[in-house]
Structure formats: structure tokens, C-alpha cells
Amino acid sequence: MAETDMLLAGKPPHAPDGHPSVTQGKVGLLLVNLGTPDGTDYKSMRRYLSEFLSDRRIIEVSPLIWQPILQGPILTFRPKKSGEAYKKIWTDEGSPLLVYTKRQAEKLNARIGSERLVVDFAMTYGNPSIASKIEALKAKGCDRIAIMALYPQYSATTSASVYDRSFDALKEMRWQPAVRTASPFHDHPAYIEALAASISEHISGLDFEPERVLMSYHGIPKAYFEKGDPYHCHCHKTTRLVAEKLGWADGFAMTTFQSRFGPTEWLQPYTDKTLEALPEQGVKKVVAVSPAFISDCLETLEEIAMEGRDSFMEAGGTHFSVAPCLNDSERAIDLLETLAARELAGWV
């Protein structure tokens, strides 16, 4: 039996009698997205929001100041409000973000997985956790793991949180696997191609011609950008490359930012304020796109497709449509396969 085969079979070469079975020699690919509550009830929402909003990458205020505010008024009232929002999009299988991320991992594993390569998924907050999935991959014999944050544009609030939690999990392991972290893909040709094709297909199926396409990205506090976070630049580059790919005139695609939280200034222009202002400017037919998300979630399905639509139409808009995210489409799996090949080079 070849040495690699012995390792995969749990038989370390030249091992003394009585040596415990050790499975190794495999490679893991872990796809990681933001996360989701286990349910829409108060306790599930509070548990999820507490974990999410306690991350120092998300809220950079000192815990001595922030935690009393978070554990007091915020987590007293916000879980009910957030739970009501999640109920609007919840499916029989659970949260859309969880459903699509799981399907992406399953489809990618069916396409590229093998005796040597295992593809799985995790969530930064909630379940399944990053730590549990790194442990599971290690138990399957993965002594090398590539961790891919599913955020096209890098931000310390998103991608860095994924890798922080991955490193935290490694700290608890006596025998660590070798780990790679993935670079952002905001300008990767495969991502731009997939996103542009998806938008074009959506627009061609509408019964109206949009006067603007709103490229709405999740926001971050302006102070984070001023400290050096590249997210703002990555977002604008994605918009520019998609517009060039589709041959759009200057100004047809607008970059805006959504989902601000708290009283501080966030990246502008704000998506909600833009939607309210466009009809008065004579723009009454709009298509919204969410390039910061490769899977539909609360921010796309409730905040944009429901709340955004309502505010736009109430302001005088006549036509509004939201292009779906890539989700578990063939385009999405093609993209993930291309990105996986980049991150696994030399390992598989």
C-alpha cells in the first residue's frame, strides 16, 4: 500500500504496534458566509444578535462601553423586530442564506469533491460554526484546509471576521491543519462575468426598461473606511467593471450602501435615501442589484425587495425589480469552482 493510501486509510507508515488510528492526507475547502439565527423566535434572535454584535470587528467600541448597551436596551428590543423581519423571508428549510450556502457547498462538492478533497460550509455567527466544521474536516483526515469567505469585496467587518474565528479555532487545537485564507474576488473576471450575465438575464426578462440600476452594497461605518478598510474601493470597482462589461453609459449604474446601524455616519450615498429621492429626479424605473452578497438573505429579500420597493413606489416610482443573487445557480457553482482552483493550487 502506498504511503498516501495508508494515511487516508488511517494507517500511519512505520507506526508502532498499538498506535491509534490517524486519518490524514486529505484537503478541505470550507465555504463561509455571515450566519443566521436558528429560528425567528426571541431567544434565537437574541442569541444570534448577541454573538454578531459582540464581534469587535463589527463594533469597535470598547466592550466596557458597548456591552452594557448591547445586553441592555438593544437586546431587549431588537430581537423581536429582527425576528419579524426574518419571518417574512423564512422558508421551510430555514433561513435563505443558510439554505443557499449549504446547497453551494453540496453542489461544489459533487462537482470537484473526491477521496482527496472535501467541500463543506460554515457560518461566522450561529450554526454550523466555523470551529465545529474545522474540527469535522480535521476528523475526516484533512490536514490542509482552505477557508473561503464568501464576500466578493473585502472588509474587516466580514472577511476578517471569518479568518479571525478560523484562527481562534486553530488556537484550541493541539494538531493544527495547515490553513489558507482566500483573497477577495470583487474584480475577478469569473465573478464579474457571472454577475454581469445574471443582471443582463434579469433585465431582459422584465416588461420595462430600467432608467437606473442601483448597485446596493452592505454599508460600513465611514470611520472604518477612514482607518484603511478597502471595502469602499472594492465596491466601486465591482460596479465599474460590471458597467463596462455590459456597455452601460456613465451614471446608469449607481453605487449605494444599505443596512446602516446606530447613529454614526456610514458610507454614502445611502440606498434607502437614494430610492426615496430618485422619483423626484425623474427616475421612476429601477432595478436593484446586491453585488456584496452571492446568496439572497435578509438584506436582499426583506430590506431591498420589500422595504426598498415600498419606499421607492411611495415616493413616486412606477417600476421596481430586484435581481436575484447568484445563489446556487450553475453560474454560482462555476464561479466557486474557479475560485476553488485558485485557492487550492498546489494542494489538489
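Quick caveat: nothing in here was measured; it's all calculated off a predicted structure. (Residues numbered from 1 in each chain as written. Predicted model: local features only at pLDDT ≥ 70, side-chain atom pairs only at ≥ 80, totals over all residues. Heavy atoms only, no water.)

> Tell me what's going on with the side chain of H234, and back it up with residues and numbers.
For H234, the position within the fold is in helix 9 (residues 231-246). There is a polar contact of 3.5 Å between the side chain of H234 and the side chain of H186. With residues near it in sequence (within four places) discarded, H234 still touches Q153, Y154, P184 and H186. (Helix = DSSP H or I, 4+ residues; strand = E, 2+ residues; numbered from the N terminus. Polar contact = N/O pair within 3.5 Å; in protein donor to acceptor, adjacent residues only side chain to side chain. Contact = heavy atoms within 4.5 Å.)

> Can you tell me about a negative patch on the surface, naming the residues and giving the values?
Residues E276, E307, D310 and E314 make up a contiguous surface patch of negative charge. The greatest single-element share of the negative patch, amounting to three residues, is contributed by helix 11 (residues 298-314). Position of E276 relative to the elements: it lies in helix 10 (residues 271-277). When its relative accessible area of 39% is taken as the criterion, E276 is described as partly exposed. (Patch = residues over 30% accessible without salt bridge, like charges linked within 9 Å, V, L, I, M, F, W, Y side chains within 5 Å. Areas by Shrake-Rupley, 256 points an atom, 1.4 Å probe, with all protein chains shown as cover. Salt bridge = Lys/Arg side-chain N within 4 Å of Asp/Glu carboxyl O. Lys, Arg positive; Asp, Glu negative; His and termini not counted. Charge placed at Lys NZ, Arg CZ, Asp CG, Glu CD. Buried < 20%, exposed > 50% of the residue type's maximum accessible area, 1.4 Å probe, protein only.)

> Provide a residue-level description of the sheet that holds strand 3 (residues 142-149), including the pertinent values.
With parallel pairing, the four strands of this open sheet are ordered in space as 2-1-3-4. If you trace the sheet from one side to the other, it starts and ends with strand 2 (117-126) and strand 4 (178-181), each paired once. Across this sheet, the average inter-strand angle for adjacent strands is 25°, counted without regard to direction. Against the sheet, helix 12 (residues 330-343) touches strand 1 (26-36), strand 3 and strand 4, its axis set at about 130° to strand 3. (Pairing = 2+ DSSP bridges. Axes fitted to C-alpha atoms, helices over the stretch in contact; angles between N-to-C directions.)

> Outline the packing of aromatic side chains, supporting the account with residue identities and numerical values.
All chains considered together, the criterion is met by seven aromatic pairs. Ring geometry for W248 versus F252: centroids 5.2 Å apart, planes at 70°, classification edge-to-face. When its relative accessible area of 17% is taken as the criterion, W248 is described as buried. On the basis of relative accessibility, which here comes to 17%, the residue F252 falls in the buried class. Sitting over the face of the ring of Y270, R260 holds its NZ or CZ atom 3.9 Å from the ring centroid. (Phe/Tyr/Trp six-rings, centres within 6.5 Å; stacked < 30°, edge-to-face > 60°. Lys NZ or Arg CZ within 6 Å of the ring centre and 35° of its normal.)

> Could you give me a rundown of the pairing of strand 6 (residues 253-258), with the residues and numbers involved?
Burial runs high along strand 6: five of the six residues are buried. As defined by bridge partners, strand 5 (residues 212-218) adjoins strand 6 across six bridges and the pair is classed as parallel. Across the sheet, the residue bridging to H218 is Q258, located in strand 6.

> Tell me what's going on with the nonpolar core, and back it up with residues and numbers.
Core analysis: the largest hydrophobic core is formed by 89 residues, its most contacted members being L29, L31, M148 and W248. For W248, the contacting residues outside a window of four places in its chain are I199, I203, V213, V242, A243 and A253. Counting residues in each nonpolar core, the second largest holds nine residues, with L214, V283, V286 and I304 among its members. (Core = buried A, V, L, I, M, F, W, Y, C linked by side-chain atoms within 4.5 Å.)

> Tell me about the environment of K133, and please be specific about residues and values.
Structurally, K133 can be placed in helix 5 (residues 130-139). Residue K133 is classed as buried on the basis of its relative accessible area of 14%. On a C-alpha basis, the gap between K133 and F121 in space is 7.3 Å, while along the polypeptide they are twelve residues apart.

> Describe the pairing of strand 1, with residues and values.
With eleven of eleven residues buried, strand 1 is to be regarded as a mostly interior element. By the bridge criterion, seven bridges tie strand 1 to strand 3 in an arrangement that is parallel. Opposite V32, over in strand 3, you have A149 as the bridge partner. Two strands pair when backbone bridges link them, and strand 1 and strand 2 are joined in this way by nine bridges, in the parallel orientation. Considered in strand 2, the bridge of L31 is made with F121.

> Mind laying out empty space enclosed by the protein, listing which residues take part and the relevant values?
Summed over the entire model, instances satisfying the criterion amount to two cavities of 30 Å³ or more. Taken as a whole, the largest cavity spans an internal volume of roughly 70 Å³. Lining the largest cavity are 13 residues; nearest its centre among them are L195, S290, P324, C325 and L326. Take the lining of the largest cavity: its biggest share by element is four residues, from helix 7 (residues 189-204). When the residues that make up the lining of the largest cavity are grouped by side-chain class, the tally is eleven nonpolar, two polar and no charged. Approximately 40 Å³ is the volume attributed to the second largest cavity. Along the walls of the second largest cavity sit A149, Y151, Y154, S159, Y163, A182, S183 and P184, which together make up its complete lining. (1 Å grid on protein atoms, 1.4 Å probe; cavity = no way out; pocket = protein on both sides within 12 Å on 5 of 7 lines; lining within 4 Å. Points joined across faces, edges and corners; volume = space filled by probe spheres on them. Nonpolar A, V, L, I, M, F, W, Y, C, P; charged D, E, K, R; others polar.)

> Now, about the environment of D250: what can you tell me, with residues and values included?
Secondary-structure assignment places D250 in the loop between helix 9 and strand 6. By relative accessible area, D250 is classed as exposed at 83%.

> Requested: an account of the sheet that holds strand 5, with residues and values cited.
With parallel pairing, the four strands of this open sheet are ordered in space as 6-5-7-8. Both edges of this open sheet fall to strand 6 and strand 8 (319-322), since each of them pairs with a single strand only. Adjacent strand axes in the sheet meet at a mean angle of 25° when their direction is disregarded. The strands touched by helix 7 are strand 5, strand 7 (285-289) and strand 8; relative to strand 7, the strand with the most contacts, the crossing angle is about 145°.

> Describe helix 7, and please don't skip the residues or the numbers.
An ideal rise of 1.5 Å per residue puts 22 Å on 16 residues; helix 7 measures up with 22 Å between its terminal C-alpha atoms. Every buried residue of helix 7 is accounted for by Y191, I192, A194, L195, A196, S198, I199, H202 and I203. In this structure, the buried residues of helix 7 make contact with strand 5, helix 9, strand 7, strand 8 and helix 12. (Expected span 1.5 Å × (residues − 1).)

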